[in-house]
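Spelled out, the chains give:
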Amino acid sequence: MERLKEVMTLREASQYLGISPDTLYKYLGEKSIPAFKLGNRWRFKKDLLDRWMERKSERTELAVESRPRRFVKSTAKG
């Protein structure tokens, strides 16, 4: 298995995250993803992306857990 690079290009980062380069550019425009420019090219550190994904997944899990439970009315006759 190929060892992942410590610093990735935009294309490599989009493949690693499983999103399109356009979506990654959107996140960059919103300043919501950790990245830096080296010259005029965006670069992404793998460990920072991993932490960013961990924080995003924790927020999602908390939102799901805190969401009020909805009960479905049973239509079964008994």
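Note: the structure precedes this text.
Heads up: these notes are all about the structure in this document.

Scoring rules and cut-offs
Residues numbered from 1 in each chain as written. Predicted model: local features only at pLDDT ≥ 70, side-chain atom pairs only at ≥ 80, totals over all residues. Heavy atoms only, no water. Helix = DSSP H or I, 4+ residues; strand = E, 2+ residues; numbered from the N terminus. Buried < 20%, exposed > 50% of the residue type's maximum accessible area, 1.4 Å probe, protein only. Contact = heavy atoms within 4.5 Å. Areas by Shrake-Rupley, 256 points an atom, 1.4 Å probe, with all protein chains shown as cover. Pairing = 2+ DSSP bridges. Core = buried A, V, L, I, M, F, W, Y, C linked by side-chain atoms within 4.5 Å. Salt bridge = Lys/Arg side-chain N within 4 Å of Asp/Glu carboxyl O.

Right, let's talk about the overall build of the protein for a bit. Across its full length, the protein holds three helices and three strands. Every one of the 78 residues in the protein was classed for burial, and the buried ones make up 15%. Across the protein, contacts joining residues at least 24 apart in sequence account for 45% of those joining residues at least 6 apart. Of the accessible surface of the protein, which amounts to about 6900 Å², a share of 52% is contributed by carbon and sulfur atoms.

Spatially, three strands are ordered β1-β3-β2 in an open sheet, and the strand pairing comes out antiparallel. Single-partner strands in this sheet number two, and they are β1 (7–8) and β2 (36–38). Taken together, the three bridges between β2 and strand β3 (residues 41–45) define a ladder with antiparallel strand orientation. By the bridge assignment, K37 is partnered in β3 with W42.

One finds M8, L10, A13, L17, L24, L28, I33, F44, L49 and W52 forming the largest nonpolar core, which totals ten residues. Listing elements by their share of this core, those giving two or more residues are α1 (10–17), α2 (21–30) and α3 (46–66). In terms of residue count, the dominant contributor to this core is α1 (three residues). Aside from chain neighbours lying at most four places away, what touches L49 is M8, A13, Y16, L17, I33, P34 and F44.

This part takes up the pattern of salt bridges. Overall, the coordinates contain three salt bridges when judged by the stated rule. A salt bridge links D50 to K46; its shortest N-O distance comes to 2.7 Å. In this pair, D50 and K46 both sit in helix α3, four residues apart, roughly one turn of the helix. A relative accessible area of 25% means that D50 is categorised as partly exposed. What makes K46 buried here is its relative accessible area of 19%.

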